[in-house]
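Reading the structure
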Amino acid sequence: MMKFAVVSFPGSNCDEDLYYAITDDLHEDATIVPHTATDLTEFDVILIPGGFSYGDYLRGGAIAKFAPVMSAVKAFAQAGKPVLGICNGFQILTEAGLLPGTLQHNRQMQFICEPEPLLVANNQTMFTAAFQDQQQITLPIAHGEGNYYCDAATLAKLRDRHQIAFTYQHNPNGSVSDIAGITNEAGNVLGMMPHPERAVEAIQGGTDGLLVFKSLLQAHLRTV
Amino acid sequence: MQELKTEPTPAEIRDQKPYEAWGLSQREYEYISQKLIGRLPNYTETGLFAVMWSEHCSYKDSKPILRKFWNDGSRVIQGPGEGAGVLDIGDDQAVVFKAESHNHPSFVEPFEGAATGVGGIIRDIFSMGAKPIASLDSLRFGELDKPKNRYLLTECVAGIAAYGNCIGIPTVGGEIGFDAVYDGNPLVNVMCVGLMDQADLKRGRATGTGNSIIYVGAKTGRDGIHGATFASNEFSDEKATDRSAVQVGDPFMEKLLTDACLEIIHDHSEILMGIQDMGAAGLVSSSAEMASKAKSGVTMNLDLVPQREPGMSAYEIMLSESQERMLLCVKKGEEQTVLDIFARYDLDAVVVGHVTADRQYRLYQHGKLVTDVPVTSLVDDVVEREQPKKKPARLENVQPAQTPVVQQPAETLKNLLAQPTIASKQAVFKQYDSQVQANTAVTPGSDAAVVRVRHTKKALAMTTDCNARYIYLDPYVGGQIAVSEAARNIVASGGIPIGITDCLNFGSPSDPESYWELDQSVQGIAQACERFDTPVISGNVSMYNETDGRSIYPTPMIGMVGLIEDVAQITTQSFKTAGEAVYLVGDTGNDFAGSELQKLRGQMTPIGQLNFNLDAEAANQRLVQQAIRQDLLQSAHDLSEGGLGVALAEALFEYQLGFTGQTELTNSQLFSETQSRFIVSVQPKDQTEFEALAGKQAVLLGRTTDQDAVQLVTADGQLTARSSELKATFGGALGCLMK
């Protein structure tokens, strides 16, 4: 069994959804790990869920980056193992410096929850290999601060190094270059605003999200 | 810190009568002093009596009427009287739900008023031992041409979104209506639904002499003091500055509180004797009610209560309505287990008192006994007041409504689709996270929202409904219709209605006409509930919905939950493909009393006679239920505001379909609001079977097409429109009005 850690901060609210996506739908092993954990080496993947860590009262992810578990997350990422941050998890990864750029308030200054058409901009990553190149997919978004921003130089680097994993087809929040998800330079850390864990069963309205987790599983099976 | 200001003595209270401003009448004060405690109450005690005897806490005016509700039924595990009602849904699981109003706070401070409305009802749900799985909001505002109403709508929605999204409970639906009668008195009613294993059921009881009373959650501040009294008075523009009576919410704190309490309920049920939310009238109501229900007494030391600021008096501590607080009763000697769990969540948890055997309510502060009264005097001895009732003059000699002439049905349809009450609410709903918890099967916008029960085949359908224009015309029949429409929504979604909660939003009980309306609606609701086997398991009364002497339409909001036995039976309102046969279920008459068409034609105050027949309603619901069970329906949609025309259009939008057909109805009847009707769509291969099942209850209207066109030939004309244009009108109207 592949072992997924779902890191739960006070205020995370998609941790159980991720847990069930892995156990019920991917049929792999998942553990919800508290923000106080210091050693994550036993896991194959770290998932950082959506929600409002510490209430997000200062800025999405701004407090969570100081949580005890974050040094273990950084060590895990530096070891080249996969880290996936979704929604608030993406915000936490940018705040923690594991991904470039930042996530601002949505352009219209309102929370948006809706199914969002996306393009798989790069299917050559361990998170997206199960998709076709440029595949059109639909995943739910649900965020108030999902407007990705980075400066022109960073954007040029993201493009040159194929770090843009997902883009919006109808940019819902004002993100630079329609960016919905990016990887780090090494390709083992992915942050994305859309919620793949909410699209793993037909009853939820679609199953495109399951391919993100299947990609991770395929990558893992190649290494063992 | 030394309290400098001295409180009035009991004799000064008697002479200066400050209690009158707190809502306690002279007669009540005398009854309490002479009959219940045998002496003059001190300042703190007088304050406690004032809130505990307010309508908001005691239901003293509404109780004689509320007894007429029907709350039996084979599924009922817990009826009214606890945090929320509980119904058996099989597999040793139960659904828990309740609705609550936050009308006055939402007018004064709409963002926090609406947000704390959400927070309060969530605590009622998890205090029963249930995980909150969905919430719905029923909102009413004045017309959007007034900037104040646009502001109230925008801010209330933002407050609901801010609280609900953060705490991780999907906001799956609700409804929003607009009418000038809600100017200055918007309605914000929130319903929360929870799911639990029956074994986890908890109640708000302080049982077992010597057991500990533990205070948990946010610190107590000076906010919301006398909020319950505030809600039990008529509103005036002068009080619009009464912001200190409104609380401020912290959804992050509430999330921690929910998780911690549910952990204790799951893992340490045997040491948790009772748990209750500190809602209206905060610490006093929760502790006194827990003692009352357990027939015990309580002693608390107020110096131990976590306080946000120094120098708070006993009166202020007890009456504060600071949010995100719970009161627990824990077995003596086991307190540390509970305190440790709350410490792990970084929450304050303090033993503040203990249960006593003598049924006395005692409070100590700074070493002094500041309150010593029987528990029963605060909770059980409140004198009910059956108020005089009078049928309003407008309801004498009511004539049938006139049938409006409709020459251009397409224009009429477009105008109706642009009415804010009818138009798409997606501009609002998309601000709510409707999918967190990953169980939402039908998102906001269909007849009812549907949430599946993970690891089972079951799902729960839920809806809120009330057409107050009908209630205004006939509170009894209108009450029946409100329940019936909710049930139609559940049935159209593939569910069996199993129970209701309500928020009874009415005018002042001291107005005989308002009181009569309340009585009539409750009886109408009760009769329909019995007919549909949907017991009233919880609810809330909000009276005094009057501003400057003008009352709202009586608005008894019905929140209904239905059980879908198999997720395969989940049905939505949208036609799915071209070529489906579309049927109208139920007879259509000339029913324009209180209709949206009547309002569109300038009759702002509804007029005319309602027609309604519970038997026809039940028969049509049974037909749709059976057809869904036999897997014959592609879609089912209840007909409500705007009648057949609006319902038909709504069913086309999601899959961008067209429609062509013919009907014996007239142009006007396309917009008649005859009750008890559905439109359903059937695949050609299933038509014979469906027609055999339906007999004369359903009539074929036409077929869906893949053209961008709606064509319906009527008895006296034709409706011709482009589906895309109707959709654009429907989709864009509210957004435009909100700008």
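- Going by the annotation in an unreviewed UniProt entry, the name recorded for chain B is Phosphoribosylformylglycinamidine synthase subunit PurL, with Secundilactobacillus silagei JCM 19001 given as the source organism.
- According to its UniProt record, chain B has this under Sequence similarities (unreviewed entry): "Belongs to the FGAMS family."
- Per its UniProt entry, chain B bears the Subunit (unreviewed entry) comment "Monomer. Part of the FGAM synthase complex composed of 1 PurL, 1 PurQ and 2 PurS subunits."

- Chain A carries the name Phosphoribosylformylglycinamidine synthase subunit PurQ in an unreviewed UniProt entry, which gives Secundilactobacillus silagei JCM 19001 as its organism.
- Word for word, the UniProt comment on chain A under Pathway (unreviewed entry) is "Purine metabolism; IMP biosynthesis via de novo pathway; 5-amino-1-(5-phospho-D-ribosyl)imidazole from N(2)-formyl-N(1)-(5-phospho-D-ribosyl)glycinamide: step 1/2."
- Note on chain A: under the UniProt heading Subunit (unreviewed entry), the record states "Part of the FGAM synthase complex composed of 1 PurL, 1 PurQ and 2 PurS subunits."

1. Thoughts on the overall build of chain A
- Scanning chain A from N- to C-terminus turns up five helices and 11 strands.
- Relative to the globule expectation of 17 Å for 224 residues, the C-alpha radius of gyration of chain A, 16 Å, shows essentially globular dimensions.
- With the C-alpha coordinates of chain A rotated into their principal frame, the extents come out at 40 × 40 × 35 Å.
- Long-range contacts, defined as pairs at least 24 residues apart, comprise 75% of the intrachain contacts of chain A with a sequence gap of at least 6.

2. Remarks on the interface of chain B and chain A
- Facing the 20 residues of chain B at the interface are 21 residues of chain A.
- Sorting the residues of the side of chain B that touches chain A by element identifies helix 8 (147-167) and helix 10 (251-267) of chain B as the ones contributing at least two each.

3. Looking at the pairing of strand 4 (residues 131-141) of chain B
Residues and elements named next belong to chain B.
- Burial within strand 4 is extensive, with 11 of its 11 residues counted as buried.
- Direction of pairing for strand 4 relative to strand 6 (residues 187-197): antiparallel, over a ladder of nine bridges. Opposite P132, over in strand 6, you have G194 as the bridge partner.
- Where strand 4 lies against strand 5 (residues 171-178), seven bridges are found, and the strand directions are parallel. If you follow S135 over to strand 5, its bridge partner there is T171.
- A crossover links strand 4 with its parallel partner strand 5, the connecting element being helix 8, and its sense is right-handed.

4. So, the UniProt feature "active site" (unreviewed entry) in chain A
- On the UniProt side, "active site" (unreviewed entry) is annotated at positions that read C87(A), H195(A) and E197(A) here. A stretch of 111 residues holds the annotated residues, and the largest C-alpha distance among them is 11.0 Å, short enough that they meet in one place.
- Relative to the elements of secondary structure, H195(A) occurs in the loop between strand 11 (189-192) and helix 5 (210-223).
- The contacts of H195(A), once residues within four sequence positions are left out, are C14(A), G50(A), I86(A), C87(A), L139(A), P140(A), I141(A), A142(A) and G209(A).
- One can find E197(A) in the loop between strand 11 and helix 5.
- Apart from residues lying up to four places away in sequence, E197(A) is in contact with C14(A), D17(A), L18(A), A21(A), I86(A), G209(A) and A438(B).

5. Side note on helix 18 (residues 475-492) of chain B
All names here are of chain B.
- With 18 residues, helix 18 should cover 26 Å at 1.5 Å per step; its first-to-last C-alpha distance of 25 Å lies within 8% of that length.
- With respect to burial, helix 18 is a largely interior element, 18 of its 18 residues being buried.
- Among the residues trailing helix 18, G494 stands out with phi positive, at a value near 100°.

6. Quick look at the UniProt feature "binding site: Mg(2+) 1" (unreviewed entry) in chain B
Residue and element names in this part refer to chain B.
- Taking the numbering used here, the UniProt-annotated feature "binding site: Mg(2+) 1" (unreviewed entry) corresponds to E100 and N540. A maximum C-alpha distance of 5.5 Å among these annotated residues, which run over 441 residues, shows that they cluster at one spot.
- Accessibility expressed as a C-beta count within 10 Å gives 24 for E100, which makes it buried.
- Ignoring sequence-local partners within four residues, the contact set of E100 consists of G117, G120, I121, V190, C503 and N540.
- Tracing the chain through its elements places N540 in strand 18 (residues 536-542).

7. Concerning the UniProt feature "active site" (unreviewed entry) in chain B
Residues and elements named next belong to chain B.
- The UniProt entry lists H56 and H102 under the feature "active site" (unreviewed entry), expressed in the numbering used here. Across 47 residues in sequence, these annotated residues keep their C-alpha atoms within 11.3 Å of one another, forming a single compact spot.
- Note that H56 resides in helix 4 (residues 55-58).
- Following the sequence through the fold, H102 ends up in the loop between strand 3 (93-101) and helix 6 (103-108).
- For H102, a count of 32 C-beta atoms within 10 Å gives the class buried.

8. Side note on the sheet that holds strand 25 (residues 678-682) of chain B
Residue and element names in this part refer to chain B.
- As summarised here, the arrangement of the seven strands in space is 23-25-22-26-24-27-28, forming an open sheet in which the pairing is mixed. The sheet terminates laterally at strand 23 (635-638) and strand 28 (717-721), the two strands that pair on one side only. On average, each strand axis in the sheet is inclined to that of its neighbour by 20°, with strand direction left out of account.
- Direction of pairing for strand 23 relative to strand 25: antiparallel, over a ladder of four bridges. When the bridges of strand 25 are listed, A636 appears paired with V680.

9. Let's talk about the sheet that holds strand 2 (residues 85-88) of chain B
Residue and element names in this part refer to chain B.
- The strand order across the open sheet formed by six strands is 1-2-3-6-4-5, and the pairing between neighbours is mixed. Every interior strand has two partners, whereas the edge strands, strand 1 (76-78) and strand 5, have only one. Neighbour-to-neighbour, the strand axes of this sheet turn through a mean angle of 20°, independent of strand direction.
- The sheet contacts of helix 7 (residues 110-126) involve strand 3, strand 4 and strand 6, and relative to strand 6 the element is tilted by about 25°.
- Where helix 8 meets the sheet, its contacts fall on strand 4, strand 5 and strand 6, and the angle it forms with strand 4 comes to roughly 175°.

10. Some details on the pairing of strand 22 (residues 581-585) of chain B
Residues and elements named next belong to chain B.
- For strand 22, the tally of buried residues reaches five of five residues, placing the bulk of the element in the interior.
- Burial along strand 22 is two-sided: A581, Y583 and V585 and V582 and L584, pointing in opposite directions, are all buried.
- Where strand 22 lies against strand 25, five bridges are found, and the strand directions are antiparallel. Paired with V582 across the strands is S681, a residue of strand 25.
- In this structure, strand 22 lies alongside strand 26 (residues 698-705), joined through five bridges in antiparallel fashion. Each residue of the ladder has a partner; that of V585, found in strand 26, is A698.

11. Some words on the confidence of the model for chain B
- Per-residue confidence for chain B gives a mean pLDDT of 94, with 96% of residues at or over 70.
- Interface confidence for the predicted complex, given as ipTM, is 0.97, next to a pTM of 0.95.

12. Quick notes on the packing of helix 10 of chain B against helix 13 (residues 335-344) of chain B
All names here are of chain B.
- Axis separation between helix 10 and helix 13 bottoms out at 9 Å; the angle between their running directions is 145°. For the element pair helix 10 and helix 13, the recorded crossing hand is right-handed. Here A260, E263 and I264 of helix 10 come into contact with helix 13, specifically with V338, I341 and F342.
- Of the residues belonging to the contact of helix 10 with helix 13, the class tally is five nonpolar, no polar and one charged.

13. Some thoughts on the packing of helix 22 (residues 643-653) of chain B against helix 24 (residues 723-738) of chain B
Residue and element names in this part refer to chain B.
- Interaxial distance between helix 22 and helix 24 falls to 10 Å at its minimum, and their mutual angle equals 100°. Here helix 24 runs roughly perpendicular to helix 22, going by the angle between their axes. Residues A649, L652 and F653 of helix 22 form the contact with helix 24, whose participating residues are S723, L726, K727 and F730.
- Across the contact of helix 22 with helix 24, the residue classes tally to five nonpolar, one polar and one charged.

14. Focus: the environment of S510(B)
- In this fold, S510(B) is placed in the loop between strand 17 (496-505) and helix 19 (512-532).
- The spatial distance from the C-alpha of S510(B) to the C-alpha of V682(B) is 52 Å, given a sequence separation of 172 residues.

15. A word on unusual backbone geometry
- A positive phi angle is found at D56(A), which is not glycine, with a value near 50°.
- In this structure, D56(A) sits in the loop between strand 3 (45-48) and helix 2 (69-78).
- D56(A) gets classed as buried once you count the C-beta atoms within 10 Å, which come to 20.
- Non-glycine residue D631(B) carries a positive phi angle of around 60°.
- Within the element layout of this structure, D631(B) appears in the loop between helix 21 (614-629) and strand 23.

The rules behind each value
- Residues numbered from 1 in each chain as written.
- Chains lettered and ligands numbered in written order.
- Predicted model: local features only at pLDDT ≥ 70, side-chain atom pairs only at ≥ 80, totals over all residues.
- UniProt positions renumbered as here; feature names shortened; annotations may be inferred.
- Helix = DSSP H or I, 4+ residues; strand = E, 2+ residues; numbered from the N terminus.
- Rg over C-alpha atoms; globule rule 2.2 N^0.38 Å.
- Contact = placed C-beta atoms within 7 Å.
- Buried ≥ 20, exposed ≤ 12 C-beta atoms within 10 Å, placed from the backbone.
- Pairing = 2+ DSSP bridges.
- Right-handed = clockwise from strand over helix to strand, strands pointing away.
- Expected span 1.5 Å × (residues − 1).
- Axes fitted to C-alpha atoms, helices over the stretch in contact; angles between N-to-C directions.
- pLDDT = per-residue confidence, 0-100.
- Left-handed = near helix turned anticlockwise from the far one by under 90°.
- Nonpolar A, V, L, I, M, F, W, Y, C, P; charged D, E, K, R; others polar.
- Parallel < 35°, antiparallel > 145°, perpendicular 65-115°, else oblique.

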